[in-house]
Amino acid sequence: MSPPELYFISGSPPCWTVMLALEVKGLAYRQHRLDNAKREQKSDEFLAINPRGQVPVLRHGEVTVCETLAVLAYLDAIQPTPPLYGTDPAETARVWQAICECDANLRNPVGGISRPLFRGKAQEATEAITKAAGVVRDELALLENRLASTPWLAGETLSAADLTLYPVVMQLSRAVAREDAAPLDLALHPLDTHFPKLAAWSERIAASPGYDNAYPPHWK
Ligand SMILES: N[C@@H](CCC(=O)N[C@@H](CS)C(=O)NCC(=O)O)C(=O)O
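From a predicted model like this one, the values you see are computed outputs, not experimental measurements.

Conventions adopted
- Residues numbered from 1 in each chain as written.
- Predicted model: local features only at pLDDT ≥ 70, side-chain atom pairs only at ≥ 80, totals over all residues.
- Heavy atoms only, no water.
- Domains from an automatic or database assignment.
- Contact = heavy atoms within 4.5 Å.
- Buried area = accessible area lost by both parts, 1.4 Å probe.
- Helix = DSSP H or I, 4+ residues; strand = E, 2+ residues; numbered from the N terminus.
- Near = heavy atom within 4 Å.
- Polar contact = N/O pair within 3.5 Å; in protein donor to acceptor, adjacent residues only side chain to side chain.
- Areas by Shrake-Rupley, 256 points an atom, 1.4 Å probe, with all protein chains shown as cover.
- 1 Å grid on protein atoms, 1.4 Å probe; cavity = no way out; pocket = protein on both sides within 12 Å on 5 of 7 lines; lining within 4 Å.
- Sits in = over half its atoms within 2 Å of the grid points.
- Nonpolar A, V, L, I, M, F, W, Y, C, P; charged D, E, K, R; others polar.
- Pairing = 2+ DSSP bridges.
- Right-handed = clockwise from strand over helix to strand, strands pointing away.
- Axes fitted to C-alpha atoms, helices over the stretch in contact; angles between N-to-C directions.
- Points joined across faces, edges and corners; volume = space filled by probe spheres on them.

Colleague: I'd like to hear about the domain arrangement of the protein, residue by residue, with values.
Modeller: Interfaces are often sized by the amount of accessible area the parts lose when they come together. Along its sequence, the protein is carved into domain 1 (5-78) and domain 2 (89-212). Between the C-alpha centres of domain 1 and domain 2 the distance comes to 22 Å. On the side of domain 2, 17 residues touch domain 1, which itself brings 10 residues to the contact. Between domain 1 and domain 2, the buried area comes to about 1,100 Å², and carbon and sulfur atoms account for 77% of it.

Colleague: How would you sum up unusual backbone geometry? Please name residues and give values.
Modeller: A cis amide bond links Val55 with the next residue in sequence, Pro56, at an omega value of 5°. Note that Pro56 resides in the loop between helix H2 (44-47) and strand S3 (57-60). Of note, the amide linkage connecting Thr81 to Pro82 takes the cis form, showing an omega dihedral of -15°. In the Ramachandran plot, Glu67 falls in the positive-phi region, its phi being about 80° despite a non-glycine side chain. Among the structural elements, Glu67 can be located in the loop between strand S4 (63-66) and helix H3 (68-78).

Colleague: Describe the environment of Leu34, and please don't skip the residues or the numbers.
Modeller: For Leu34, the location among the structural elements is in the loop between strand S2 (30-33) and H2. For the pair Leu34 and Phe46, spaced 12 residues apart in sequence, the C-alpha separation works out to 9.3 Å. Residues in contact with Leu34, not counting those within four places in the same chain, are Tyr7, Phe8, Ile9, Glu40, Gln41, Phe46 and Val55.

Colleague: Go over the site of the ligand with me, naming the residues and quoting the values.
Modeller: Lining the immediate environment of the ligand, one finds Ser12, Pro14, Arg39, Gln41, Lys42, Gly53, Gln54, Val55, Pro56, Glu67 and Thr68. Between the ligand and the protein, one listed contact pairs an oxygen atom with a side-chain N or O atom of Lys42 at 3.1 Å. Within the side chain of Gln54, a nitrogen or oxygen atom sits 3.4 Å from an oxygen atom of the ligand. In isolation the ligand has 510 Å² of accessible area, and contact with the protein removes 70% of it. The cavity that encloses the ligand is the largest pocket. Taken together, the residues of the shell around the ligand break down into 3 nonpolar, 5 polar and 3 charged.

Colleague: Would you mind going over the environment of Leu140 in detail, with residue names and values included?
Modeller: Locating Leu140 in the fold gives a position in helix H5 (residues 126-146). Sequence separation of Leu140 and Pro116 is 24 residues, and the distance between their C-alpha atoms is 20 Å. Discounting chain neighbours no more than four positions away, the residues touching Leu140 are Leu106, Leu172, Leu188, Phe195 and Leu198.

Colleague: Would you mind going over the side chain of Glu23 in detail, with residue names and values included?
Modeller: Summarising the element assignment, Glu23 is placed in helix H1 (residues 13-24). Polar contacts involving the side chain of Glu23 include one to the side chain of Tyr29, which spans 3.4 Å. Contacts of Glu23, omitting those with residues within four sequence positions, involve Tyr29, Pro209, Gly210, Asn213 and Ala214.

Colleague: Talk me through the pairing of S2; I want residue IDs and the actual numbers.
Modeller: For strand S1 (residues 5-8) and S2, the ladder comprises 4 bridges, and the chain directions are parallel. Bridge pairing in S2 places Phe8 opposite Arg33. Tracing the backbone out of S1, into H1 and back to the parallel element S2 gives a crossover that is right-handed.

Colleague: Give me the sheet that holds S3: which residues, what numbers.
Modeller: Strands sit in the order S2-S1-S3-S4 across an open sheet of 4 strands; the sheet is mixed. At either end of the open sheet lies a strand with only one pairing partner, and these are S2 and S4. Direction aside, neighbouring strands of the sheet carry axes that sit 20° apart on average. Relative to S1, H1 is tilted by about 155°, and along the sheet it contacts S1, S2 and S3. Seen against the sheet, H3 touches S3 and S4 and runs at an angle of roughly 135° to S4.

Colleague: Give a detailed account of the layout of surface pockets, specifying residues and quantitative values.
Modeller: Roughly 1,300 Å³ of volume is contained in the largest pocket. Lining the largest pocket are 38 residues; nearest its centre among them are Ile9, Gly11, Ser12, Pro13 and Pro14. Among the secondary structure elements, those contributing two or more residues to the lining of the largest pocket are H1, H3, helix H4 (89-118) and helix H6 (160-176). With 7 residues, the top contributor of residues to the lining of the largest pocket is H4. Among the residues forming the lining of the largest pocket, the class breakdown is 11 nonpolar, 16 polar and 11 charged. Of the domains in this structure, domain 1 (5-78) and domain 2 (89-212) are the two that each give at least three residues to the lining of the largest pocket.

Below, the structure written as C-alpha cells:
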C-alpha cells in the first residue's frame, strides 16, 4: 500500500500532534499543506474528503480518518511501536486522563490567549486574555507537579498524551513571547522561569525522532 497522506494546516496544534506521531513511529507519509488564509480546507475538493472542512485528515489507501485522536489510534494499529496509548491498563488510563484534561481544560483558554495575540489584538482583548491566563497558569501548575515525578505525562514513556499537550504548550509559548504580551504581565513567559519541569519536558519532546520534520513549516 502507498504511504499515508496527511492534510494539514501549518501551526495547527492538532495537525502538529499527528505529524509528531507519524515521526515518532518512523512512518513515511506524504504531506498536503492547506492554506488557511485561502480557506482551502473549505474548498469543494477538500470538503469531499472531510465534509466538516477541518484538518488533520489522514488518508491511507481506502481509509480516511478525521479527528486527531482517531488518527493516532489508526497509526497505533498499523504501526504498534512505539505504543502511544500505553501498554497496561493503568498506563492507558493515565494517557487518556491527560488527553481529556488537556482538551477539556487547557486547549480553549490557550486559544483565548493566542488568537488575539497572533492577530495583533492584545489591547482590545486584555481582559479576556488576563482571565484565560489565570486558568492556564492553574492548569500548567498541575502539569508541573505531575512532571516532578515522571519524565512523561503518563509515566516512563512518551505517549499520545505528550503529543497532544506539546503543540498546545508551544502555541501558548509562541503567543506570550510576543512583544505586545509583555505589558499584560501574564506570568507565563519564559516557560522555564515559571514552569521549569514543563520546559524540560518540552526539550525532551524536541529531542524526539523526526521532530524537525514535524515542526510547523511557516515557523521555521
Ligand atoms: N477535534 C478536531 C479539531 C480539528 C480542528 O479544530 N482543526 C482546525 C485547525 S486547528 C481547523 O481545521 N480549522 C479550520 C476551520 O475550521 O476552518 C481534531 O482534533 O482533529
